[in-house]
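Geometric and topological summary
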Amino acid sequence: MIRTLLGRAGLVAAAAGVVTVLSAAPAAAHGADAPDGTDYRTRTTGVAPARPGLEVRVIEAGARLELTNGTGRPVEVIGYSGEPYLRVGPDGVFENSRSPATYLNRTITGDTALPAEADPAAPPAWRRIADGTTARWHDQRALWQESAPPAAVRAAPDREHRVRDWTIPLRDGADPVVIGGTLDWVPPPDAYTWWAVTIVGLLAVGALGLVAATAPAGARALSALGGLLIVGGALAVGYPVGRELDAGAQGVGGVLVGLLSGQVWSLLTGLGAIAAGWYAVRRRPAADFVVALAGACLALFAGAANAAVFARAIAPVPWSPAIARVMVALFLVIGTGATFAGILRLHAAARTAIPTPTP
């Protein structure tokens, strides 16, 4: 019995792995190193002096800043040594290839090696990098780069702390302008509680697989699993959409481009769970295997992939971190529970199909 059960579990896992290899896509460059969660909250207090049409906001859970220049004039972002770094204006977005910030800001850790041409004292060498009037970039002045938290946080990690107020200089023609903001430490949630609730939930869903499939209650259990997968799949589509919106995607077209270029597997996982749920609700042939496979993908690529929010205060979505944790818990509960239930039903069906030897 155990060998058969493990064999069917292995078949589901292998199928999920094959689908992953065939369907995985590279992450989009604009959000490739966005964190799945953080305990540092970055906020912007605006531009001073105010410039109508010049807007700045924090995206990707604080990993990047987004500047949109609707003034009709070019505005420069100043680098770490006082040199021009970015130029954003009606003719597009340009970066200064001689600014060290151009290279240091390519990753959130700022560990890119500087080329020989990086010289803040040299005249700017502008290189066009985007159309439009919006620029997004990492900025070490708005981030906490150390591996250990500040001393005040270590002394009282259960309290919120102001880490620092930060500023980033701009230049509007000959006029100096400043982006202001704050960086705070926010105490993380109790991850053990979230995991405990999740485990209890997935065991409850998995118990649906213990209901005899041939009984009327077994048919209702399959429909219930299908309904749960439809709900989980819809939420799994919504979560990467939220991440794209948090990363600065504009409009339906911008969201679709971001999903298809960087989060296509998350999108396919959600759509696949919806399709599998409909298949189960209709009680189609081999529905148990489809439920188990879709559940494994949902648990792995929507649940485990985003489980960092259980232990982090800030989530990379435009809604509250608590809602993000509930969504991830549901991915794990529905996905893992459906996987166990499907495997149990497959095992029961296999035992029923074995003819009883006659004496």
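Residues numbered from 1 in each chain as written. Predicted model: local features only at pLDDT ≥ 70, side-chain atom pairs only at ≥ 80, totals over all residues. Heavy atoms only, no water.

Some points on the overall build of the protein chain
Test applied: Numbering of helices and strands starts at the N terminus; helices are DSSP runs of H or I of at least 4 residues and strands are runs of E of at least 2. Note on exposure labels: buried denotes an accessible area under 20% of the residue type's maximum, exposed denotes more than 50%, and partly exposed covers the range between, all computed with a 1.4 Å probe on protein chains only. Working rule for contacts: check all heavy atoms of both residues, and any pair within 4.5 Å makes them a contact. Note on areas: Shrake-Rupley with a 1.4 Å probe; residue coverage comes only from the protein chains shown.
Helix and strand content of the protein chain: nine helices and 10 strands. Split into buried and exposed, the 359 residues of the protein chain put 46% on the buried side. Put simply, 70% of the contacts in the protein chain that link residues at least 6 apart link residues at least 24 apart. About 16900 Å² of surface is accessible on the protein chain, with carbon and sulfur atoms providing 65% of the total.

Some words on the packing of aromatic side chains
Our working rule: The criterion for an aromatic pair is that two Phe, Tyr or Trp rings (for Trp, the six-membered ring) have centres within 6.5 Å, with stacked assigned to planes under 30 degrees apart, edge-to-face to planes over 60 apart and tilted to the rest. Two thresholds decide whether a charge sits over a ring: the Lys NZ or Arg CZ must be within 6 Å of the ring centre and within 35 degrees of the ring normal.
If you walk through the whole model with that rule in mind, you get seven aromatic pairs. A ring pair is formed by Tyr239 and Phe331, whose centres lie 6.1 Å apart and whose planes are at 85°; its orientation type is edge-to-face. One end of the pair, Tyr239, is in helix H5 (residues 216-246); the other, Phe331, is in helix H9 (residues 321-353), and 92 residues separate them in sequence. The class for Tyr239 is buried, based on a relative accessible area of 2%. On the basis of relative accessibility, which here comes to 0%, the residue Phe331 falls in the buried class. Where Trp265 meets Phe301, the ring centres are 5.0 Å apart and the plane angle is 75°; that geometry is what we call edge-to-face. You can see Trp265 sitting in helix H7 (residues 264-281) and its partner Phe301 sitting in helix H8 (residues 287-303), a full 36 residues away along the chain. For the residue pair Trp265 and Phe301, the accessibility class agrees, reading buried in each case. Through successive ring pairs, a cluster of aromatic residues spans Tyr40, Trp144 and Trp185. Lying over the aromatic face of Phe94, Arg87 brings its terminal NZ or CZ to 4.5 Å of the ring centre.

Brief notes about the pattern of salt bridges
Side chains bearing opposite charge may pair, as long as their charged atoms lie close to each other. As a reminder, the rule being used: Any carboxyl oxygen of Asp or Glu that lies within 4 Å of a side-chain nitrogen of Lys or Arg is treated as forming a salt bridge with it.
Applying the stated rule across the entire model yields 19 salt bridges. A salt bridge links Asp172 to Arg51; the shortest N-O distance between them is 2.8 Å. Taken together, the residues span a long stretch of sequence, with Asp172 in strand E9 (residues 161-172) and Arg51 in the loop between strand E1 (40-48) and strand E2 (54-59) at a distance of 121 residues. Note on accessibility: Asp172 and Arg51 belong to one class, buried. For the salt bridge of Glu95 with Arg127, the shortest nitrogen-to-oxygen distance reads 2.8 Å. A residue pair is termed long-range when its members are at least 10 positions apart, and Glu95 in strand E6 (residues 92-96) and Arg127 in strand E7 (residues 126-130) qualify at 32 residues.

With respect to the pairing of E9
Our working definition: Whether two strands pair comes down to DSSP finding at least two bridges between them.
Taken together, the three bridges between strand E4 (residues 75-78) and E9 define a ladder with antiparallel strand orientation. Counterpart to Val75 in the pairing with E9 is Asp172. Sheet analysis places E9 next to strand E10 (residues 175-185), joined by 11 bridges and oriented antiparallel. Looking across to E10, one finds that Asp165 is bridged to Thr182.

Describing the sheet that holds E6
We count it as follows: Helix axes use the C-alpha atoms of the stretch in contact, all axes being lines fitted to C-alpha atoms, and the angles between their N-to-C directions lie in the range 0 to 180 degrees.
Read across the open sheet, the seven strands follow the order E1-E10-E9-E4-E5-E6-E7; overall the sheet is antiparallel. The open sheet has two free edges, formed respectively by E1 and E7, since each of these has just one partner strand. Taking each pair of neighbouring strands and ignoring which way they run, the sheet shows an average axis angle of 25°.

Thoughts on the confidence of the model for the protein chain
The line we're drawing: The pLDDT score gives, residue by residue, the confidence of the prediction method on a 0 to 100 scale.
Summarising the model, the protein chain shows a mean pLDDT of 89, and 89% of its residues fall at 70 or more. Low pLDDT, under 50, characterises residues 1-30; the stretch is placed with 42 contacts to residues that sit more than four places away or in other chains.

Focus: the sheet that holds strand E3 (residues 64-69)
The strands that make up a sheet pair up through hydrogen bonds in the backbone, lying either parallel or antiparallel. Pairing in this open sheet of three strands is antiparallel, and the strands run E2-E3-E8 from one edge to the other. Every other strand in the sheet has two partners, leaving E2 and strand E8 (134-137) as the edge strands with one partner each. When the angles between neighbouring strand axes are averaged without regard to direction, this sheet yields 15°.

Observations regarding helix H6 (residues 251-262)
Test applied: To estimate how far a helix should reach, multiply one less than its number of residues by 1.5 Å. The directions from the helix axis to the C-beta atoms are what the arc is built from.
Compared with an ideal rise of 1.5 Å per residue, which puts 12 residues at 16 Å, H6 spans 16 Å between its outermost C-alpha atoms and is within 8% of the ideal. Burial in H6 covers these residues: Val255, Gly258 and Leu259. Projected down its long axis, H6 shows its buried positions confined to an angular sector of 95°, all on one face. Exposed side chains of H6 directed beyond 90 degrees from the buried face belong to Val257 and Leu260. Residues of H6 that are buried sit in contact with H5 and H7.

Let's talk about the side chain of Glu95
We apply this condition: Pairs of N or O atoms within 3.5 Å make up the polar contacts considered here, provided that, within protein, one atom can donate a hydrogen while the other can accept it, and that residues adjacent in sequence are counted only when both atoms are side-chain atoms.
When its relative accessible area of 11% is taken as the criterion, Glu95 is described as buried. Here the side chain of Glu95 touches Arg127 through a polar contact of 2.8 Å, side chain to side chain. Not counting residues up to four positions away in its chain, the partners in contact with Glu95 are Tyr85, Leu86, Thr102, Arg106, Ala125, Trp126, Arg127 and Ile129.

A word on the environment of Val58
Topologically, Val58 is positioned in strand E2. In this structure the C-alpha to C-alpha distance between Val58 and Arg43, which are 15 residues apart in sequence, comes to 6.3 Å. Not counting the four nearest positions on each side in its chain, Val58 is found in contact with Thr42, Arg43, Thr44, Arg64 and Leu65.

Focus: the packing of H5 against H8
Filter applied, for reference: Angles below 35 degrees are treated as roughly parallel, those above 145 as roughly antiparallel, those between 65 and 115 as roughly perpendicular, and all remaining angles as oblique. By definition, turning the near helix anticlockwise from the far helix through less than a right angle yields a left-handed crossing, and turning it clockwise yields a right-handed one. Under this grouping Gly is polar, as are all residues other than the nonpolar Ala, Val, Leu, Ile, Met, Phe, Trp, Tyr, Cys and Pro and the charged Asp, Glu, Lys and Arg.
At their nearest, the axes of H5 and H8 sit 11 Å apart, and the two run at 30° to each other. Taken together, the axes of H5 and H8 are roughly parallel relative to one another. Considering how the two elements wind past one another, H5 and H8 form a crossing that is left-handed. Between H5, through Leu222, Leu225, Leu229, Gly232 and Ala236, and H8, the contact on the second element is made entirely by Ala287, Asp288, Val291, Ala294, Gly295, Leu298 and Ala302. A per-class count over the contact of H5 with H8 returns nine nonpolar, two polar and one charged.

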